[in-house]
Amino acid sequence: MSVEDLRQSPTMSHMLDALDNGEDIGHYGRLVFAMVGRHFVGNEELVELLCKDRDAEEGEVRSMVQQVEEKGYSPPRREKILE
């Protein structure tokens, strides 16, 4: 799978656009992105994408991606994300 597969979701496409623009998607946004994105791209690419967030630090992003993978976090429901 790939980033283009992620773009099939309007929510993930919106988050990818925000990241591409260097916008801050917030901690919860990065966490959701990691939970969903890990099913589409490898960890290194996921870290690269999340580091586009102007408030993201690479070390913190790597730790979060590792934690999401180790704990097997599943993404929240769409309604929760929209809140």
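Now for a quick tour of the structure.

## Some words on helix 3 (residues 26-37)
Part 1: With 12 residues, helix 3 should reach 16 Å at 1.5 Å per residue; the first-to-last C-alpha distance of 16 Å fits that figure.
Part 2: In terms of burial, helix 3 is largely enclosed, as 9 of its 12 residues are buried.
Part 3: Where helix 3 is concerned, the buried positions are Gly-29, Arg-30, Leu-31, Val-32, Phe-33, Ala-34, Met-35, Val-36 and Gly-37.

## Remarks on the packing of helix 4 (residues 43-50) against helix 5 (residues 58-71)
Part 1: Taken N-terminus to C-terminus, the directions of helix 4 and helix 5 make an angle of 135°; their axes are 10 Å apart at the nearest point. Considered as vectors, helix 4 and helix 5 are oriented oblique to each other. Read as a crossing pair, helix 4 and helix 5 show a hand that is right-handed. Contacts between helix 4 and helix 5 pair Asn-43, Glu-44, Leu-46, Val-47 and Leu-50 from the former with Glu-58, Val-61, Arg-62, Met-64, Val-65 and Glu-69 from the latter.
Part 2: Among the residues forming the contact of helix 4 with helix 5, the class breakdown is 6 nonpolar, 1 polar and 4 charged.

## Points about the nonpolar core
Side chains that are nonpolar tend, in soluble globular proteins, to be buried together.
Part 1: Counting residues in each nonpolar core, the largest one holds 24 residues, and the members touching the most others are Phe-33, Ala-34, Leu-46, Leu-50 and Val-65.
Part 2: Of all the elements in the fold, those that place two or more residues in this core are helix 1 (3-6), helix 2 (10-20), helix 3, helix 4 and helix 5.
Part 3: The element that contributes the greatest number of residues to this core is helix 3, accounting for 6 residues.
Part 4: Residue contacts for Val-65: discarding those within four places in its chain leaves Ala-34, Asn-43, Leu-46, Val-47 and Leu-50.

Conventions adopted
Numbering of residues starts from 1 in each chain and follows the order in which that chain's sequence is written. Where local features are concerned, this predicted model is filtered to residues with pLDDT of at least 70; where side-chain atom pairs are given and counted, the filter is 80 or more; whole-chain, interface and lining totals use all residues. With hydrogens and water set aside, each side-chain value is computed from the structure's full complement of heavy atoms. Only DSSP runs of H or I with at least four residues qualify as helices, and only runs of E with at least two residues qualify as strands; both kinds are numbered from the N terminus onward. By this rule the span expected of a helix is its residue count minus one, scaled by 1.5 Å. Exposure classes here rest on a 1.4 Å probe applied to the protein chains alone. A residue is buried below 20% of its type maximum, exposed above 50%, and partly exposed in between. Every angle, taken between N-to-C directions, lies between 0 and 180 degrees, and every axis is a line fitted to C-alpha atoms, over only the stretch in contact when it is a helix. Any angle between 65 and 115 degrees counts as roughly perpendicular, while under 35 counts as roughly parallel, over 145 as roughly antiparallel, and the rest as oblique. Handedness of a crossing is defined here by the sense of rotation of the near helix relative to the far one, left-handed for an anticlockwise turn of less than a right angle and right-handed for a clockwise turn. Should any heavy atoms of two residues lie within 4.5 Å, those residues are counted as being in contact. Polar here means any residue other than Ala, Val, Leu, Ile, Met, Phe, Trp, Tyr, Cys and Pro, which are nonpolar, and Asp, Glu, Lys and Arg, which are charged; Gly is therefore polar. By nonpolar core is meant a set of buried Ala, Val, Leu, Ile, Met, Phe, Trp, Tyr and Cys residues that side-chain atoms within 4.5 Å join together.

This is a description of form; function is not addressed.
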